[in-house]
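# Topology and contacts: notes
Given next are the chains, with one letter for each unit.
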Amino acid sequence: MTKIDKTKKLRTEHDSIGTKEVPLDAYYGVQTLRAVENFNITGTKMHPELIASAAQIKKAAAITNYEIGHLDKKRTDAIVKACDEIIAGKMLDQFIVDPIQGGAGTSLNMNVNEVIANRAIEILGGEKGNYTIVNPNDHVNYGQSTNDVFPSCGRITVIKLLDKAGQQLERLYKALVKKSEEFDDVIKMGRTQLQDAIPIRLGQEFRAYSTAIRRDIARFESAKQEMSKLNMGGTAVGTGLNADIQYCQKIVKNIALISGLPLVQAYDLIDATQNLDGYPFVSGIVKACAVNLSKMSNDLRLMSSGPRTGFGEIHLPEKQNGSSIMPGR
Amino acid sequence: VNPVIPEVVNQVAFNIIGNDMTITMAAEAGQLELNAFEPIIFNNLFQSIETLTNAVRTLVDNCITGITANVEYCRNMVENSVGIITAICPFVGYEKAAIVAKEAIKTGASIRDLILRDGLLTKEQLDVILNPYSMTEPGISGRPLFMKLPAIQNKV
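The text that follows walks through the structure, step by step, so that each part is easy to find. In this text, all values refer to a predicted model and were calculated from it rather than measured experimentally. (Residues numbered from 1 in each chain as written. Chains lettered and ligands numbered in written order. Predicted model: local features only at pLDDT ≥ 70, side-chain atom pairs only at ≥ 80, totals over all residues. Heavy atoms only, no water.)

### Description of the state of the cysteines
In plain terms, the rule: Throughout, a disulfide means two cysteine sulfur atoms within 2.5 Å of one another. For every residue, the accessible area (1.4 Å probe, protein chains only) is compared with the maximum for its type, and the residue is labelled buried under 20%, exposed over 50%, or partly exposed between those bounds.
Taken as a whole and assessed by the stated rule, the structure comprises 0 disulfides over all chains. With no disulfide of its own, Cys63(B) lies 16 Å from the sulfur of Cys289(A), the closest cysteine sulfur. Cys74(B) takes part in no disulfide bond, and the closest cysteine sulfur to it belongs to Cys63(B), at a distance of 16 Å. Under the relative-accessibility criterion, Cys74(B) is labelled buried at 1%.

So this is what it looks like as structure tokens:
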């Protein structure tokens, strides 16, 4: 049982390692605090989008468990309300574990479980830390394992971030097409290996940049598709132990419904739990885009070099003083 | 004034390329039923995608949209280049073209002036051949003129 010391504003929680004092007003609990002690690595916090995605999964899990009769209505409603608050961006300061952590993401999963449990306890009129009302492991994490929750919320997050990236790439594509039209009649020398070659129009060069970005946009779409296969329902090793068969069949559909994303369950949950080739695939797509952007940036730097001793073919907008010592630069 | 926006895009790209190596190594390191290294995969992949997004945003807003061309300078570079001899080559033949090109490189004279001096083509003909559009599209630049001219050695 959790002991509360109101004068010190602390409550004492216990886990299988032992006991630990937790700030009385904290929504996280003992397992989160242990992770903070163990992993003070980057000095940064978990990505807010990852937290929101985890809350969407927890909400879907609670609803699914309720639908199959494994979680009562009172607890379900409280958990769902707590999740909705997190999805809306509340309690972000309660997610304190380092993004780089040992344990395959267990610390993040438990941080989320504890915050949701304590908020749900509060919603039901209890004192934080009274896990008989809502338990982080037995209720919030019911039918789940870190090994299916963490990969799944990571994938959902990647999809959301790729979506935002795609929007900016779309803007870049349009800007480049516009420039290619504007510069359509600007004749200049083309170069191969930095040696004079034959003429080309500046508009054609910008058109080529836009074509490369168009290709990146299409690749980002396939990256999103790659990330849309979740291993939820597989629990610890993909075999689905402790997840009801009905839960297994419903969980991803409910996550899709809640997130509004076209998510599907992985064809082979055991494969999806151990093989992470999808990430190098997506990272490779992002890298290819970065390579295109960097090549274009190199060209822009070269073409705008000067003003008197460089290529001097284009001007970039002047954004800030170039030098602290050289006047006029 | 420095090309600060392309410079920041370059650096974001370098970091993404590094992250890709980390992600690849972490993804490779799975054992049996689980790969325990998703925390760093996510951390770095999120960073890659998000920094790329922000880099592209500033590239559009603070660079691409405001780029202007040094039109006259670019045109002069073409006029004074030796590279345009490639467009003239089908009309005068490779051998003569090569002699003109060599002289241009050696003396700094313009291809146009040398072609006119040697009476190889007229000013009007050169204007047609060296048209910016036809010179930068597939085929022989000034093809209608090419078809009308008699007996050029390379003509097919």
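Moving on from the model shown.
### Structural notes on the interface of chain A and chain B
The cut-off we apply is this: By definition in these notes, contact holds between two residues if any of their heavy atoms fall within 4.5 Å. Note: buried area is the sum, over both parts, of the accessible area (probe 1.4 Å) each one loses when the two are combined. Note on definitions: salt bridges are taken to be side-chain nitrogens of Lys or Arg within 4 Å of carboxyl oxygens of Asp or Glu. For the purposes of these results, a polar contact is taken to be a pair of N or O atoms within 3.5 Å, where, inside protein, one atom must be able to donate a hydrogen and its partner to accept one; residues adjacent in sequence count only when each atom of the pair is a side-chain atom.
Counting residues at the interface gives 78 residues for chain A and 64 residues for chain B. The junction of chain A with chain B conceals about 6300 Å² of combined surface from both sides, 70% of it contributed by carbon and sulfur atoms. Taken together, chain A and chain B are joined by 3 salt bridges. Lys287(A) serves as the salt-bridge partner of Asp20(B), at 3.0 Å between the closest nitrogen and oxygen. Along the contact surface separating chain A from chain B lie 19 residue pairs in polar contact (both at pLDDT 80 or more).

### Re the pairing of strand 5 (residues 195-201) of chain A
Formally: Strands are labelled as partners when DSSP assigns at least two bridges between them. Strands are runs of DSSP state E lasting at least two residues, helices are runs of H or I lasting at least four, and both sets are numbered from the N terminus onward.
By the bridge criterion, 5 bridges tie strand 4 (residues 187-192) of chain A to strand 5 of chain A in an arrangement that is antiparallel. Across the sheet, Ile187(A) pairs through a bridge with Arg201(A), a residue of strand 5 of chain A.

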